[in-house]
Each structure stands twice: as structure tokens, then as C-alpha cells.
Amino acid sequence: MKPILPVITIFSTMLAAVAAENLQLPPELIILNAAVRTMDAARPQAEAVAVSGNRIAALGPSAEIKELAGPKTRVVDAGGRSVLPGFNDAHVHWLMGGYSITNVDLRDATSAAEFSKRIAEFAQKIPKGRWILGGDWDHEKFPGAALPTKEWIDAVSPENPVFVNRTDGHMALANSLALKLAKVTKETKDVPGGEIVRGASGEPTGILKEDAAMALVDRVIPARSWDENHAAALAATEHAARVGVTSVQDMSAGVDIGLYQFMHERGELKTRIYAMRSILSWEVLGKTGVRGAFGGDWLRIGGLKGFADGSLGSTTARFFEPFSDAPNTRGLFVDQMLPEGIMLKRVEAADERGLHVMIHAIGDEANYAILEIFRQVEEKHGPRDRRFRIEHAQHLRPSEIKRFGSQKVVASMQPYHCADDGRWCDKRIGSERAKGTYAFRSLLDAGAVLAFGSDWTVAPLNPMEGLKAAVTRQTLDGKHPNGWVTEQKITLEEAIRAFTMGSAYAEFQDQIKGSLTPGKLADLVLLDCDIYKIDPAQIDKVKVTMTVVDGKVAYEAR
Ligand SMILES: [Zn+2]
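Note that the coordinates shown come from a computational prediction; the quantities given were computed from them, not determined experimentally.

Caption draft 1: Region of the structure containing the overall build of the protein. Looking only at helices and strands, the protein features 17 helices and 25 strands. For the protein, the accessible surface area stands at approximately 23100 Å², while carbon and sulfur atoms represent 54% of it. Here the protein carries 67 positive and 71 negative side-chain charges, and the mean point of each set is 1 Å from the other.

Below, the structure written as C-alpha cells:
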């Protein structure tokens, strides 16, 4: 956290003034007898906290804070449980996350009857004619691993077209109405690269395999309406409050910013949002003269997200050396990087206008390439507080780990991916290269700022999952009970800091949030235990008892 400290020092006097002013009112909320971990080096721990207006008013011993209560103050006895700053997820895909909640959920359906029942219930809740999408079913869970057919759902969805996908997105089931709208019949010829699954008579069963065939239906699905997007964003913000996430950084906000503004004006937002758009459209922002992290406490713009390479799972992450299990390839640079030099030009142009640049890089060569671009831009434009970020920073050589520290590039990482990819990463890149995979420890030791997030919906939004992964490095398959690449484990305190102060720094907001400091925004969570006292392998079981955003209770467990 080295680069943050001077900034905090400058602002501490200002914050103290705000705090004193707030204290003139009796606080609205006081939490006593808590294990408060502030993430503020000046006072790392406290027993009680007072909230006045939308700010942290005071921290201290319970007896002292109790004295501040007025007749209308709500006093909560935490009974020794943890109070932490609200979590700030540095990397989400917000609306997609919302849709994963508002869509029909078929993930744990284990029979045709259950599958049909879920579709029936969902169809009753929505207007006639609206498409039923999503689903994420898995036919491996059905008896005999039978593929579903349109007959499973036709009777319960006569007025709603259905197109629900398998969990991996490589096939989807359409009902008869969807097939009719898409004009897919017995006579439709198969498409190259895809398959229309057919019954004995040649009649389509409803299953379409791979993008080429699924496109037959996809192209007749209308664009999402404002109301659907609104419902998804409402579901997302409610879910975030439930899991203690009070700020998110939306990597794919694009044109959703107006929706977020609408919700903010109606008082519906329970989550602060930093809304990014693609670096490919940097000129849209560039022309307005807006610079990085522009806006208010709730909603800000000015960030640009780009891509250098693909993913480890699909062997498209770009490495210096070939994959161990696919020696004919070392991954690729994606089209945004081509022709060579184009990304440098884009980052240069964006940086010249003061915009905030963050680039996805997974493989070691992709990370090297982006660090090089950042170095060249900084050399050309001179020093400034630009907080360049690499999203994922997944596989790093020791030389690049050092550069995250010396170049002050934020490593925006998602520890849950470590628990996930760690299952098969050794096989793909070998155990030597794996030493620099999700290198949390080495990055912190090199003086880099870690900003943690989830990559929701690729991984769960619940920060407890990420904290557990960072601290234990256990893999999802249970095969590394003591952790995978154990030397890269970090402490719980460091992991929480990356999820609060680190991510606040990554969005230029560390002066007003990220720690429980008098004068800062009152975003905090009360947990159902003292998270520092439990077995780290149980961290994912920890629940949020109360989430406070902007001084107001946004969620409270019953
Ligand atoms: Zn992502």
C-alpha cells in the first residue's frame, strides 16, 4: 500500500475537520462491543463505531462511543463480531450479474419434472411474449444424462418463447414457440460448425449445439428492454448489499450508465458504481474532456477497459513459452492488440486526456506487453497520479512482479479464480511457471497495490469466497487442503485490505472510502462472527448480519 500513504496523510487533517462537524449531531447509528478492523494504519482496531449522516463520525472504546448516543440513535450490540469497511469489488460485470439472478435458474434441476416446473413458475411471473433465457442447466444431472427436449417445457410455456442454455454455453434448448419464431423446422438444413439435434422423424428436438446453430434462434431474440435491465440492476444491487459489497467497478458498463443514474436519482442504488467503457471507444469520452474517476460518491465514469489476451481455460492466454499440455501454441494477443502498436497508440491517446486505463492480461507475455505500454506512455507524458491497472495479472515472471511495484501499476486480481484455475493450472503451464500464478505474496512484497474483486458473474460476488481463496489457496476440487502454491498465500488482514483500501485506491477513492476513518463515507459491514478468530477454511461460511451504505442500513439479516 506504499503509494497510498502520502495521500492519506494529506487528507487526514481535512477528514478530522469533517468528523468534528459530524459529531455535533447525535449519531444515527452506533455499533458497540465489536471487533472493528478499520484498515486504517493510524488506528487498525477499535471496539465501537459511530455513524453520523453518511460519514464515520467516531471510533473508540464502547464506553466512550456510547456517550455520543442521543434519544434517536440506534445502538447495536455486536457481541464481539467483526465490523469491517464495506467491500469494494474492483472487477464485476454488473448487469450480467443481475441477469444471472433475474433469469430462470435451472442449475440444480435434476429431472425433467423439476426442469418443467421451474420454467412453468417463471413463465407465470412474466408478461406474455417475453423470452425466457439463461438457465444454466446441466444434463449430466438428469437420469441417464438425457438431453432435454422441447416437449419437457412446451405445455408450460405456450405464450413465452424459451431459449435456455447449458451451463457452459455450448448448447441451448428452445421451446416450440421459439423455434417457430426462428423458423427452424424439419426442413432447416444443418449449419456448418453447429448442430440441430433431431428426433427419429427429423423433427428438431429443441437442442441447438454451438454458436453457429444457436445463432438461428439468437437472432430473433429482441434486445433487452429498459425495464428488464432495470430489474436486473435492482437484483444486482440487492444481492451486493446482502453479501456486504458496497462499491463495485463495472468493467462492462458501456451504455448502462444512464440506467444507474436513473436508479440513483430514485434512491434505488445500494452500491456505489465506477462505470467503465471499452477502450475501443475512448474517443467518446475523450471528446467530452472528462477525466478519470469523474462524478460523485455514487456514480463515476472516466475509466477505460481493454484486453490484451484470452484466458487460461481456453488456452488463449498469451505466454512466452508454449503450454505444457498444448506445445503447439503459446496463446494469442486478441484483436485489440492488432496490428502491433495499436494498443500503445490508444493508451497514449487516452492517457493524454487524463482518462483512466485498465487492461486485461492473463499470460506472462501479455502482462509484460502491457507493462511495457504503460512504461512507454509514462515516459512520454511524464509522472502523474494515473493508477494504470492490469486486470487479472494472473501469470507473472519474477521480473514483471517487480515492475508492478516500481511502476506503481495496480494489480486488480480475483482470488476466487485461483481456487478455480488451481485445479488444473499445473497441467497447463507446469509447476515452475505456476509459482508466479496469482502471486499475491510476491506482489505485495514488491510494493504493488493489490485490488481484489470477483469477476462476477464468472465467479460468485460474495467476497468471503475471495478472502478464503487468497488466505488458504485451497482449490475447489479439495485436492490442495493446505493450499496450492502455498508461498503466495497472504494474511486475512492483507486480503481484506486488498478488497477495501486496495480497490478504493484502484478507483481514486481512497481519500473518501476503503477504511473506517472518521470523516470517510459510512460504508461498513457487521459479520455474524469474528472473522479473525475462525478457521480460515470456514471463511466462505461467514454471513453478513448488516450492511451499511452511505450511513443507511442497506441490508439486515432477519
Ligand atoms: Zn471480467
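Caption draft 2: Quick look at unusual backbone geometry. The linkage connecting Leu338 with the following residue, Pro339, adopts the cis geometry, with an omega of -5 degrees. Tracing the chain through its elements places Pro339 in the loop between strand S18 (299–307) and helix H10 (342–352). With an omega of 15 degrees, the peptide bond between Trp456 and Thr457 qualifies as cis. Unusually for a residue other than glycine, Glu210 sits at a positive phi of about 70 degrees. Here Glu210 shows up in helix H6 (residues 210–218). Glu210 gets classed as partly exposed once you look at its relative accessible area, which sits at 33%.

Caption draft 3: The nonpolar core, seen in detail. In this structure, Trp94, Val347, Phe374, Phe404, Leu450, Phe452 and Leu467 are the most contacted members of the largest nonpolar core, which totals 98 residues. The element best represented in this core is helix H11 (residues 364–381), accounting for seven residues. Ignoring sequence-local partners within four residues, the contact set of Phe404 consists of Asn367, Leu371, Ile390, Ala393, Leu396, Val409, Val410, Ala411, Leu443 and Ala448.

Caption draft 4: The arrangement of the coordination of the zinc ion in detail. Ligation of the zinc ion by protein atoms is provided by His91 (NE2), His93 (NE2) and Asp455 (OD), these donors lying 2.1 to 2.2 Å from the ion. All donors to the zinc ion come from one chain, and their sequence spacing reads H-x1-H-x361-D. A residue pair is termed long-range when its members are at least 10 positions apart, and His93 in the loop between strand S8 (87–92) and helix H3 (94–102) and Asp455 in the loop between strand S22 (450–452) and helix H16 (463–472) qualify at 362 residues.

Caption draft 5: Representation of the pairing of strand S14 (residues 204–209). Counting buried positions over the six residues of S14 gives five, a clear majority of the element. By the bridge criterion, three bridges tie strand S12 (residues 171–174) to S14 in an arrangement that is antiparallel. Residue pairing in the sheet places Leu173 in a bridge with Ile207 of S14. Across three bridges, strand S13 (residues 195–198) lies against S14 in antiparallel orientation. The residue of S14 that forms the bridge with Arg198 is Pro204. Once S13 ends, the chain turns through five residues before running back antiparallel as S14, passing Gly202 with a positive phi of about 90 degrees.

Caption draft 6: Examining the sheet that holds strand S4 (residues 48–52) more closely. Strands sit in the order S5-S4-S1-S6 across an open sheet of four strands; the sheet is mixed. Two strands in the sheet have a free side with no partner beyond their single neighbour: strand S5 (55–60) and strand S6 (74–77). For this sheet, the mean angle separating the axes of adjacent strands, direction not counted, is 15 degrees. Note: strand S1 (residues 29–32) against S4, three bridges, orientation antiparallel. Paired with Ile31 across the bridge in S4 is Val49.

Caption draft 7: Representation of the state of the cysteines within the structure. Tallied over the full model, the rule gives zero disulfides. Here Cys418 is not disulfide-linked; the sulfur of Cys425 is the nearest cysteine sulfur, at 8.5 Å.

Caption draft 8: Molecular detail of the pairing of strand S16 (residues 272–278). For S16, a buried count of six out of seven residues is recorded, marking the element as mostly surrounded by other parts of the structure. Two elements, strand S15 (residues 245–250) and S16, share four bridges in a ladder whose sense is parallel. Counted as the bridge partner of Val248 is Ile273 from S16. Pairing analysis gives five bridges linking S16 to S18, with the strands arranged parallel. Its bridge partner being in S18, Ile273 is matched across the sheet by Leu299.

Caption draft 9: Broad picture of the packing of H10 against H11. H11 packs onto H10 with a crossing angle of 45 degrees between their chain directions and a minimal axis gap of 10 Å. Put simply, H10 runs oblique to H11. Regarding H10 and H11, the two cross each other, and that crossing is right-handed. Listed contacts from H11 to Met343, Leu344, Val347, Glu348, Asp351 and Glu352 of H10 are Ile373, Phe374, Gln376, Val377, Lys380 and His381. Here the contact of H10 with H11 is composed, by residue class, of six nonpolar, two polar and four charged.

Caption draft 10: Molecular detail of the sheet that holds strand S23 (residues 524–527). If you trace the six strands from one edge of the open sheet to the other, you get S3-S2-S7-S23-S24-S25, paired in mixed fashion. In this open sheet, the two strands that pair with only one neighbour each are strand S3 (45–46) and strand S25 (552–556). With two bridges connecting them, strand S2 (residues 35–37) and S3 associate as antiparallel partners. Looking at S3, one finds that Arg37 is bridged to Gln45.

Analysis parameters
Residues numbered from 1 in each chain as written. Predicted model: local features only at pLDDT ≥ 70, side-chain atom pairs only at ≥ 80, totals over all residues. Heavy atoms only, no water. Helix = DSSP H or I, 4+ residues; strand = E, 2+ residues; numbered from the N terminus. Areas by Shrake-Rupley, 256 points an atom, 1.4 Å probe, with all protein chains shown as cover. Lys, Arg positive; Asp, Glu negative; His and termini not counted. Charge placed at Lys NZ, Arg CZ, Asp CG, Glu CD. Buried < 20%, exposed > 50% of the residue type's maximum accessible area, 1.4 Å probe, protein only. Core = buried A, V, L, I, M, F, W, Y, C linked by side-chain atoms within 4.5 Å. Contact = heavy atoms within 4.5 Å. Donors = N, O, S within 2.8 Å, 3.2 Å for Na, K, Ca; no water. Pairing = 2+ DSSP bridges. Axes fitted to C-alpha atoms, helices over the stretch in contact; angles between N-to-C directions. Disulfide = S-S within 2.5 Å. Parallel < 35°, antiparallel > 145°, perpendicular 65-115°, else oblique. Left-handed = near helix turned anticlockwise from the far one by under 90°. Nonpolar A, V, L, I, M, F, W, Y, C, P; charged D, E, K, R; others polar.

Remember, this is a structural readout, not a statement about activity or role.
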